[in-house]
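# A structural walkthrough
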Amino acid sequence: MITRKLKFILVQKWSLFGLILLNIFLLGIYLRCILQSNCTQNVNKLKSYSMIAKRNINNGPTNCFLLVFVISSPSGFLRRKTIRETWLQSDIYSEEQVCRKFVVGTKNLSPVLIAELHSEQNINKDMLFLNDLVDSYHSLTTKLLQTITWVSNNIKSVYVMKVDDDSFVRLDILIEDLKKKSTLSRVYWGYFRGDSNVKTTGEWAENNWILSDHYLPYALGGGYLISYDLIEYLAAIHDMLQLYNSEDVSLGVWLAPLKLNRIHDIRFDTEFKSRGCSNRHVVSHKQKPEDMYEKHRELQYKNRLCKKETELIMTFDYNWNVRPSKCCKRVPLSALSNLTSSIYDKII
C-alpha cells in the first residue's frame, strides 16, 4: 500500500516537472518570436495553410457535378449579390448539381471589411477566404492556384468552372451540355486564343516569358471549364508551376504539355470586351449588375437572353489545323450558325 502511494506521488512530481519544462520551452519560442517580430506573419501563414491545404476531415469532400468558383474582390458585395439573385440562385440547382464559391483574398483588409465579409459568409455559406492573399489584379494567378489547391482537398466534382464576377452564365444550357461529355477526361473548355502577342510593357508585362513570340493557346479568363482530373493534376504540382501576370495565360501554359480535349466554344463571350449580346451565348463577360438583372428577366419572362441582339465584335472559330498565330480569323456570328450543334464533336 505504501509502495503504491509512493509511486503515485513520484508520478505526480515527474508529471509536474515535465509540465514546467514544457511551459519553459513554449515561453522561449514565444519570446524568440517576439524578438524576431514575425509572430503575426507566422500565425497568418498557419491560418492560410489551414484554409487552403487542409482537407475537410469532419465531413469529407463535398460532392457535386459542377463546381462554379467566382473570382471576386473583397468589396464586390453588389456583384456577388447580383449573381446570387440571377444566374447562380441556390434554390434552382441542387447541391448535387452545382456547388458555388466566391473567392476572396483577405490579407491586410481592414477589420470593418473583414467583419462585413464574415457576415456575408454567415448568411450565404458560399465564400472561400484565402487568408494569406492580398487581393489585387496582380495576384490573380496566385489566387487561381490557391483556389485549385483548396478545391482538390475539399470538393469532388466532375467539372470545375472559373468565372469572373462580371460574367453571366446560362447554367441550364451548360449543365446539359456537360452531361453529354461527362465521361470525357482532361477537358479544357472555353473561348481560345493562340495569336495574342506577349505584353512586354505596361502593368501586364510578362518579364519572365521566354516560351514563344505569342502566348500559348489559352481559354480566355472571363469564363472557362476544366475537368476535375486536371484540378487534381495541377494541385499535385502546384509548387513547380511558373506564375505569369495573367491567370488565363498561366493556365494555358500549365496545361499545354498535356494530351487534352480542348473545346473552343463560340458561345463563350469571354474576351476583354464584350462581342455584344446573342441569344446563343452561354457565358457573357463584362456585365454590369443591371445587365445581369435584365438578362435574367428576359430569360424568365421571354425565354431569351437579349432584349435586343447586337454584334459589336465579330467572332471566330479557332482553326486548330494551322499555326496558332493564324488561328483566329473573325467573321460575323451568322456565318458560324452551323457550329453550335456540332461544337461537342470539335475536340482537339
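Here we summarise the structure given alongside this text. Source: prediction; values computed, not measured.

### A few points about the nonpolar core
Counting 81 residues, the largest nonpolar core has Leu66, Val68, Trp87 and Met161 as its most contacted members. With residues up to four places along the chain from it excluded, the contact list for Met161 reads Leu66, Leu67, Val68, Phe69, Val169, Leu174, Tyr224, Leu225, Phe268 and Val283.

### A look at the state of the cysteines
Following the criterion strictly, the structure yields three disulfides and no others. The partner cysteine of Cys277 in its disulfide is Cys306, sulfur to sulfur 2.0 Å. Handedness here is read from the sign of the S-S torsion; for Cys277 and Cys306, about -95°, the answer is left-handed. One end of the pair, Cys277, is in strand S12 (residues 276-277); the other, Cys306, is in the loop between helix H9 (289-302) and strand S14 (310-311), with 29 residues separating them in the sequence. With respect to class, Cys277 is no different from Cys306; both count as buried. Disulfide pairing is shown between Cys327 and Cys328; the S-S distance is 2.1 Å. Here Cys327 and Cys328 share a disulfide; its torsion about the S-S bond, -90°, makes the bridge left-handed. Neither residue differs from the other here; Cys327 and Cys328 are each classed as buried.

### Some remarks on the sheet that holds strand S1 (residues 62-71)
In a beta sheet, neighbouring strands are held together by backbone hydrogen bonds and run either parallel or antiparallel to one another. Pairing within the open sheet is mixed, and its seven strands lie in the order S3-S2-S1-S4-S9-S6-S10. Unpaired on one side and paired on the other, strand S3 (127-130) and strand S10 (261-264) mark the two borders of the sheet. Going across the sheet, the axis of each strand differs from the next one's by a mean of 20°, ignoring polarity. Of the strand pairs in this sheet, S1 and strand S2 (residues 98-105) are connected by six bridges, and their pairing is parallel. Bridge pairing in S2 links Val70 to Phe102.

### Let's talk about the packing of helix H3 (residues 77-85) against helix H4 (residues 111-124)
Running from N to C, H3 and H4 point in directions that differ by 10°, and their axes come no closer than 12 Å. Accordingly, the angle class assigned to the pair H3 and H4 is roughly parallel. Here H3 contributes Phe77, Arg80 and Arg84 to the contact with H4, which in turn contributes Leu113, Glu116, Leu117, Glu120 and Asn124. A class-by-class count of the residues in the contact of H3 with H4 yields three nonpolar, one polar and four charged.

### Section: unusual backbone geometry
Even without glycine at this site, Arg186 takes up a positive phi of about 50°. Considering the arrangement of structural elements, one finds Arg186 in the loop between helix H6 (171-180) and strand S6 (187-190). The partly exposed category is assigned to Arg186, whose relative accessible area is 32%. Although it is not a glycine, Asn303 adopts a positive phi angle of roughly 55°. Along the chain, Asn303 falls in the loop between H9 and S14. Take Asn303: its relative accessible area is 66%, and that puts it in the exposed class.

### Comments concerning the packing of aromatic side chains
Throughout the structure, instances matching the rule amount to eight aromatic pairs. Relative to Tyr215, the ring of Trp209 lies with its centre 5.2 Å away and its plane at 90°, an arrangement referred to as edge-to-face. We classify Trp209 as buried; its relative accessible area is 10%. Consider the rings of Tyr215 and Tyr218, whose centres lie 6.2 Å apart with planes at 90°: the pair is edge-to-face. Assessed through its relative accessible area of 5%, Tyr215 is described here as buried. By relative accessible area, which is 7% here, Tyr218 ends up buried. Chaining the aromatic ring pairs together yields one cluster made of Tyr188, Phe192, Tyr318 and Trp320. The side chain of Arg275 reaches across the aromatic face of Tyr191, ending 4.1 Å from its centre.

### Things to note about the environment of Phe77
Mapped onto the elements of the fold, Phe77 is located in helix H3. Phe77 gets classed as partly exposed once you look at its relative accessible area, which sits at 25%. In this structure the C-alpha to C-alpha distance between Phe77 and Glu120, which are 43 residues apart in sequence, comes to 8.5 Å. Beyond its immediate chain neighbours, meaning those up to four positions away, Phe77 contacts Leu113, Glu116, Leu117 and Glu120.

### Quick notes on the sheet that holds strand S11 (residues 268-269)
The strand order S5-S13-S11 describes an open sheet built from three strands, whose pairing is mixed. Lying at the two open borders of the sheet, with one neighbouring strand each, are strand S5 (168-169) and S11. When S5 meets strand S13 (residues 283-284), the two strands line up antiparallel, connected through two bridges. Bridge pairing in S13 places Phe168 opposite Ser284.

### Topic: the side chain of Ser139
Considering the arrangement of structural elements, one finds Ser139 in the loop between S3 and helix H5 (140-154). Relative accessible area serves as the criterion here: at 8%, Ser139 is assigned to the buried category. If sequence neighbours within four positions are ignored, Ser139 has contacts with Leu133 and Val134.

Calculation rules
- Residues numbered from 1 in each chain as written.
- Predicted model: local features only at pLDDT ≥ 70, side-chain atom pairs only at ≥ 80, totals over all residues.
- Heavy atoms only, no water.
- Core = buried A, V, L, I, M, F, W, Y, C linked by side-chain atoms within 4.5 Å.
- Buried < 20%, exposed > 50% of the residue type's maximum accessible area, 1.4 Å probe, protein only.
- Contact = heavy atoms within 4.5 Å.
- Disulfide = S-S within 2.5 Å.
- Helix = DSSP H or I, 4+ residues; strand = E, 2+ residues; numbered from the N terminus.
- Pairing = 2+ DSSP bridges.
- Axes fitted to C-alpha atoms, helices over the stretch in contact; angles between N-to-C directions.
- Parallel < 35°, antiparallel > 145°, perpendicular 65-115°, else oblique.
- Nonpolar A, V, L, I, M, F, W, Y, C, P; charged D, E, K, R; others polar.
- Phe/Tyr/Trp six-rings, centres within 6.5 Å; stacked < 30°, edge-to-face > 60°.
- Lys NZ or Arg CZ within 6 Å of the ring centre and 35° of its normal.

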